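Commentary on secondary and tertiary structure
As a plain string of letters, each chain reads:
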Amino acid sequence: MISNLNAIAVRINRQFLRDRRFMALSVAVPLVLMLLLKYVLNSLPQLARLGVHVSDYSILAAAFLVHFLAYVLSTIVLVRDRKDGTLARMFVYGFRRREIVLGYVGGYSTIAAVQTAVVLLLMKYLFDVNLLADIVPVALTMLALAVVSVGLGVFISNFARNEGQVFPFIPLMIVPSALLSGVAIPIRNLPAALQWVSYVVPLRYAVSVLAGVVQQRQSFFSRLTPFLTLLGVGAALLAGASLTLRERE
Amino acid sequence: MFTPSDDLSPGESAASAIVIDGLYKAYGSVSALSGATLAVDAGEIFGLVGPNGAGKTTLIKAICGVLKPDRGAVRVLGLDSGRDRHAVRRRLGYMPQEPALYEDLSPRENLAFFGSGYGAAGLEQRIRDSLEFVGLWERRDDPLHTFSGGMRQRASLACSLLRDPELLILDEPTAGVDPTLKAAFWEHFQGLKQRGVTIFLTTNMMDEAVRCDRVTVIQGGRILVTETPDAIRARGRTRVRLELAGGVIREAEIGRYEEELPRLLTDYGLSGEVRRISIHRPSLEDVILSMIENRNPDG
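Quick look at the structure, then. Remember, it's a predicted structure, so these values are computed and weren't measured experimentally.

1. Let's talk about the interface of chain B and chain A
- Opposite the 32 residues of chain B that make contact, chain A presents 23 residues.
- Across the chain B to chain A interface the summed buried area is about 2500 Å²; carbon plus sulfur atoms make up 56%.
- Scanning the region where chain B abuts chain A turns up two salt bridges.
- A salt bridge links Arg14(A) to Glu109(B), with the shortest nitrogen-to-oxygen separation between them at 3.7 Å.

Structure follows, in C-alpha cells:
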C-alpha cells in the first residue's frame, strides 16, 4: 500500500520536474497574480479609508491560488491518465483505487507545498507580511486544501472525456470559491441563503483558519473547528472520489 | 509454466488459457458483447478479428478483470477473472491499445513505475530483460516523447512483458506500426510462443490474422466463427469461370472446389471443349468481410 502510494507520488513529481514549462508556470503564475493583486489594491486608495488592509487579503488570495491550481492540475492529469490508458494499466498492474487517489494527493501536496513556499516568500517581499511565526498552521491549512483540491479533481475527472472538457468545470468551482468563501466578501455580509450555501464551499474553512490565525492573531487551537472540518471535507471527498473511479480495481 | 487448476468448469480443458462463456456487456443501451463464447488453448497465438466497435476491447477488459460483465463467465489460467482478478493479473501481461505510458519519463522509469504495482522483487533485472527483448535497452534513459510511434509501441510491449507472463493480452499491438516493425513484432510473438507464452491479440488487419494459430471473428458483440485461418478461408465460396468453345462463358460458385469442380465439369464430359479453368480463391480478408456483411458464414 505505502510503497505503491509512494511510487505514484514520486512518479508525479518526477513528471513535473521534467516539464520545464510547467515548473516555470507554477512559480510564475502565483508571482504574477500576487503582483497584480498588490498593484490593483494599491491603486484604490479609498480601500485604506474603509479600513481594508491590502496585506490582509494576500494570504487568502494565496490559499485561493493553491486551491485553484491543484484542482485544475489534478483534474487534467487524471483525465489524461484515463484517456491515455495509463489509469487502466495501473489497475491491471496491481495498483488499487485508494493507492492511486492517495498517491495523487501525495504528489500534489509536494507541488502545493512548493507553491505555498513561493507565495509566503512573495508575501514577505511584496506585502511585508512575515508569516514565519504562523508557518505551521499556514502550512497545515494549505496541505488540507491540497487534499480537498485533489479529491474534487478526481471526482470531476469522471465527467470529462478529454482535457478540453475539463474547462467548463473550472468556473463551477472558481466562482463559488471566490464569492462565497469569505476571500473577497465577508460571509456575514452575504444574504442569509448564500451564507447557508457557503457551508459547502471547502475554501470557506481554509479562509476561516487563515483569517483567524494570520489577521486576527488568534491561536491555531481556537481555529481547530474549521481546520478539522476542512480535513473532514478532504477525507470525505477523497473517499467519494475513489469510489467514483469507474474502473474496477 | 501453465498450471492446471482443480476446479475446471464443464467443457474447459486443463489446457485452456482463457475460457469465455456467454458473455454479455452493455454500456447503457448500446450492447458491446452479446453472448460471446470462446476458448483459447495454452501456448497458441490467438487472434480476435473484427471491425472497430465489434467488442474486442470490451472482451479484453473483461479478461483482465477491469470490467465487470453483465452476464457470463470468464476463466483465465483456470481462475475466475472477476473474483480472482489479482491472482490473474499477476500472471498476465497486458498491452493496451494506446501506448499507455508516461511521455515525460524514460522507458526504464515507466517500467519501474508499472512494475512496482505487484512488488518490486527482482524488478531491475526484469526491466533490463524486457527492454533488451524489444531492442530498447540502448534508449532506456531517453524520455518517451523523443520516441517514434513504433518505439513507443515497443516500450509498451516491454512493459507488458515485465512479469514474465504466462498469458499476453495485446490490444491491437501493431496499429499504426510500419511493415518492418510489424514483422519484428511478429518475430517477438513467435519467440514468446516458443517460450510457452499464450498470446491473445486483437487486430483488424488480415495479414496479421493469417499469422495466428487460430482466429475468432467477432462482429456486433457476437462470435461468428473460431477456427484456423486456413479453415476459415476454406469456408469461402470458390468462383469458377469456364470459357467454352465459341467464346461461351459459364460461371459458377462452388464450396470445396477439390470435390465439386469435377462434378461441375462432368456436365461437359470433361471434353476437349474445356480450354482453360481459372479459379479465384478468396483471401481470408474476403471471407471475413463477407461474413461481417452477411453474418452468414455458410452462405
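2. A short note on the pattern of salt bridges
Residues and elements named next belong to chain B.
- Within the structure shown, the criterion is met by 18 salt bridges over all chains.
- Here Glu-44 ties to Arg-214 by a salt bridge, and the two come within 2.8 Å at their closest N and O atoms. Remark: Arg-214 occurs in strand E9 (residues 214–219) and Glu-44 occurs in the loop between strand E2 (30–41) and strand E3 (45–49); sequence separation between them is 170 residues.

3. Side note on the layout of surface pockets
Residues and elements named next belong to chain A.
- Taken as a whole, the largest pocket encloses approximately 640 Å³ of empty space.
- Along the walls of the largest pocket sit 25 residues, with Phe-16, Asp-19, Phe-22, Leu-73 and Arg-80 positioned nearest its centre.
- Listing elements by their share of the lining of the largest pocket, those giving two or more residues are helix H1 (2–18), helix H2 (20–42) and helix H4 (54–83).
- Considering each element in turn, the lining of the largest pocket owes the most residues, eight residues, to H4.
- Among the residues making up the lining of the largest pocket, the classes are represented as 13 nonpolar, four polar and eight charged.

About the thresholds
- Residues numbered from 1 in each chain as written.
- Chains lettered and ligands numbered in written order.
- Predicted model: local features only at pLDDT ≥ 70, side-chain atom pairs only at ≥ 80, totals over all residues.
- Heavy atoms only, no water.
- Contact = heavy atoms within 4.5 Å.
- Buried area = accessible area lost by both parts, 1.4 Å probe.
- Salt bridge = Lys/Arg side-chain N within 4 Å of Asp/Glu carboxyl O.
- Helix = DSSP H or I, 4+ residues; strand = E, 2+ residues; numbered from the N terminus.
- 1 Å grid on protein atoms, 1.4 Å probe; cavity = no way out; pocket = protein on both sides within 12 Å on 5 of 7 lines; lining within 4 Å.
- Points joined across faces, edges and corners; volume = space filled by probe spheres on them.
- Nonpolar A, V, L, I, M, F, W, Y, C, P; charged D, E, K, R; others polar.

By themselves, these figures tell us nothing about what the structure is for.
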